[in-house]
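Here's the letter readout for the chains.
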Amino acid sequence: QVQLVESGGGLVQPGESLRLSCAASGTIFTIWSMGWYRQAPGKQRELVAVASGTGSSRYADSVKGRFTISRDNAKHTAYLQMGSLNVGDTAVYYCKAYVQVTSEARPYDIWGQGTQVTVSS
């Protein structure tokens, strides 16, 4: 059973930075992609950033130039470095991984439990 555990959320002031981590554990053959999504109150969950296993990444327009996603494939961990945070970034941030548990298994999506990021003065 693969699990994702996020950490690093908290309360920050506008303009500050924060780094989120997402660690996958369990039986893992490979993780094809890892991404971050967020959901603000009353809004739908949206993509923030996603990184493939080969190093390519893409971002939501709203975070381009401010957020950076990275991965440590050996540790099955993804990070989201968030800078120049503003109140619009306030949300629960979720990690998602597209995981393959054996060489013959079909990959599937798995979600973390979420971590709250609050930007407020």
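Use the structure listed above.
Residues numbered from 1 in each chain as written. Predicted model: local features only at pLDDT ≥ 70, side-chain atom pairs only at ≥ 80, totals over all residues. Heavy atoms only, no water.

Chemist: I would appreciate a short explanation of the overall build of the chain in the present structure.
Modeler: Helix and strand content of the chain: 0 helices and 11 strands. The order of helices and strands in the chain, counted from the N terminus, is β-β-β-β-β-β-β-β-β-β-β. The principal-axis extent of the C-alpha atoms belonging to the chain is close to 50 × 25 × 25 Å. Residues counted as buried form 41% of the 121 residues belonging to the chain. Excluding contacts between residues fewer than 6 apart, the proportion of contacts in the chain whose partners are at least 24 apart in sequence is 57%. Surface summary for the chain: the accessible area is close to 6,500 Å², and the carbon and sulfur share equals 47%. Between the mean site of the 11 positive side-chain charges and the mean site of the 8 negative ones, the chain shows a separation of 2 Å. (Helix = DSSP H or I, 4+ residues; strand = E, 2+ residues; numbered from the N terminus. Buried < 20%, exposed > 50% of the residue type's maximum accessible area, 1.4 Å probe, protein only. Contact = heavy atoms within 4.5 Å. Areas by Shrake-Rupley, 256 points an atom, 1.4 Å probe, with all protein chains shown as cover. Lys, Arg positive; Asp, Glu negative; His and termini not counted. Charge placed at Lys NZ, Arg CZ, Asp CG, Glu CD.)

Chemist: Which parts of the structure should I look at to understand unusual backbone geometry?
Modeler: For His 76, which is not glycine, the phi dihedral falls at a positive 50°. Inspection of the secondary structure assignment puts His 76 in the loop between β7 (67-72) and β8 (77-82). The class for His 76 is partly exposed, based on a relative accessible area of 24%. Its identity is not glycine, yet Ser 84 carries a phi of approximately 50°, on the positive side. By the secondary structure assignment, Ser 84 is in the loop between β8 and β9 (91-100).

Chemist: Hey, could you run me through the environment of Ala 60 in this one?
Modeler: Counting through the fold element by element, Ala 60 comes out in the loop between β6 (57-59) and β7. Separated by 14 residues in the primary sequence, Ala 60 and Glu 46 have C-alpha atoms spaced 8.5 Å apart. When sequence neighbours within four positions are dropped, the list of residues in contact with Ala 60 reads Leu 47 and Val 48.

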